[in-house]
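# Structure at a glance
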Amino acid sequence: ENFSTTCEIVVKKSIADAEIANIKSQTYTGKAIKPAVKVVYGKKTLKKGTDYTVSYENNKKIGEATVVIKGKGSYHGTVKKTFTIKAKKGSVHTVDKVKYKVVKNSINGKGTVSVIGVTNEAKRTSITIGDTVKIGGAKFKVVSIGAKAFYKCKKLKKIVLGKNISSIGKDAFKKKKKKAKFHVPKAKK
C-alpha cells in the first residue's frame, strides 16, 4: 500500500520583533485613554484583532500609561509600549468646589495651577487654598490666584492661602467683607 502524508509546520513570529510606532502624548479627560497603535512586522502592517490584541494599563490618570500588544494568529508573545497622559495647558478642573487652571502641565508633581474661582460664590464665607491640589491623580502646586477669582464672594470672611502662592491677580478679593481675615504663611506676609 502506498500512503502519503503531508505535514504542515506553522512557525509563529514573535510580536516583540515587530516595530511599534511611538504614541504621542495624550490629553487627560478623566476617562480611559486608548490611543491607536501601529504595528509593522518587516514590511507588513499587522491588523488589530487578526494579528494582535491590545489592552491598556494605568490609562485613566495623569502620568505614564502602558499599551500591551499581544500576538495572535501567526504571531506570539507580548510587548509593552508606554505613553504619557498630561492635563492640557489652560484647561480648567474643579476640585472640592475650587476651580483651577493648569499653568504648567508637567507630570510627577512638577505641574502648576492658578485658582480662578469657586462654585457657590454667593454663599461662600470661607476659602482655603492649599499648597497643592490633585488633578487626575497628579499633584500640582497652587502658585497663583487669578484676577477676579473671588470677585462674586461677597460674604467671604476667612481666606487661607497656601505657601506656594506667589501672585494674586487684580481684584481677586475686591468685593469680600471689609473685616475679612487672611491667613497666610509667615514667609508670604
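Right above here is the structure, for reference.
Residues numbered from 1 in each chain as written. Predicted model: local features only at pLDDT ≥ 70, side-chain atom pairs only at ≥ 80, totals over all residues. Heavy atoms only, no water.

Looking only at helices and strands, the chain has 0 helices and 18 strands in total. Its C-alpha radius of gyration of 26 Å places the chain more than 25% over the 16 Å reference for a compact globule of 189 residues. With the C-alpha coordinates of the chain rotated into their principal frame, the extents come out at 110 × 30 × 20 Å. The 189 residues of the chain split such that 35% are buried. Within the chain, residue pairs in contact and separated by at least 24 positions form 46% of the contacts whose partners lie at least 6 positions apart. Roughly 12,400 Å² of accessible area belongs to the chain as shown, and the carbon and sulfur atoms make up 47% of that amount. If the 47 positive side-chain charges of the chain are averaged to one point and the 11 negative ones to another, these points end up 21 Å apart. (Helix = DSSP H or I, 4+ residues; strand = E, 2+ residues; numbered from the N terminus. Rg over C-alpha atoms; globule rule 2.2 N^0.38 Å. Buried < 20%, exposed > 50% of the residue type's maximum accessible area, 1.4 Å probe, protein only. Contact = heavy atoms within 4.5 Å. Areas by Shrake-Rupley, 256 points an atom, 1.4 Å probe, with all protein chains shown as cover. Lys, Arg positive; Asp, Glu negative; His and termini not counted. Charge placed at Lys NZ, Arg CZ, Asp CG, Glu CD.)

On the basis of which strands lie adjacent, the open sheet formed by 3 strands has the order S2-S4-S5 and antiparallel pairing. If you trace the sheet from one side to the other, it starts and ends with strand S2 (19–20) and strand S5 (44–45), each paired once. As defined by bridge partners, S2 adjoins strand S4 (residues 39–41) across 2 bridges and the pair is classed as antiparallel. Counterpart to Ile20 in the pairing with S4 is Val39. (Pairing = 2+ DSSP bridges.)

Once that is clear, we can look at the sheet that holds strand S3 (residues 26–27). If you trace the 4 strands from one edge of the open sheet to the other, you get S3-S9-S7-S6, paired in mixed fashion. The sheet is open, and its two edges are formed by S3 and strand S6 (52–57), each paired on a single side. Here 6 bridges tie S6 to strand S7 (residues 63–71), and the two strands are oriented antiparallel to one another. Its bridge partner being in S7, Thr53 is matched across the sheet by Lys70.

So, on to the packing of aromatic side chains. Taken as a whole and judged by the stated rule, the model has 3 aromatic pairs. With centroids separated by 5.5 Å and ring planes inclined at 65°, the aromatic side chains of Tyr41 and Tyr75 adopt a geometry described as edge-to-face. In this pair, Tyr41 sits in strand S4 while Tyr75 sits in strand S8 (residues 75–76), placing the two residues 34 residues apart along the sequence. By relative accessible area, Tyr41 is classed as partly exposed at 22%. (Phe/Tyr/Trp six-rings, centres within 6.5 Å; stacked < 30°, edge-to-face > 60°.)

The next subject is the nonpolar core. In terms of nonpolar packing, the biggest core is built from 46 residues, with Ile129, Ile145 and Phe150 touching the most fellow members. The contacts of Phe150, once residues within four sequence positions are left out, are Val115, Gly117, Val118, Ile127, Ile129, Ile145, Leu156, Ala172 and Phe173. (Core = buried A, V, L, I, M, F, W, Y, C linked by side-chain atoms within 4.5 Å.)

Positive charge collects at one region of the surface, where Lys60, Lys61, Lys134 and Lys139 lie side by side. Relative to the assigned elements, Lys139 resides in strand S15 (residues 138–145). (Patch = residues over 30% accessible without salt bridge, like charges linked within 9 Å, V, L, I, M, F, W, Y side chains within 5 Å. Salt bridge = Lys/Arg side-chain N within 4 Å of Asp/Glu carboxyl O.)

Structurally, Ser114 can be placed in strand S12 (residues 111–118). The exposure class of Ser114 is buried, given its relative accessible area of 9%. A distance of 2.9 Å separates polar atoms of two side chains, one belonging to Ser114 and the other to Ser144. Those residues in contact with Ser114 that lie beyond four places of it in its chain are Lys99, Tyr100, Lys101, Val103, Ser144, Ile145 and Gly146. (Polar contact = N/O pair within 3.5 Å; in protein donor to acceptor, adjacent residues only side chain to side chain.)

Summed over all chains, the structure comprises 1 salt bridge. Lys80 is the partner of Glu57 in a salt bridge, and the nearest nitrogen-oxygen pair spans 3.7 Å. Here Glu57, found in strand S6, pairs with Lys80, found in strand S9 (residues 78–86); they are 23 residues apart in sequence, far enough to count as distant.

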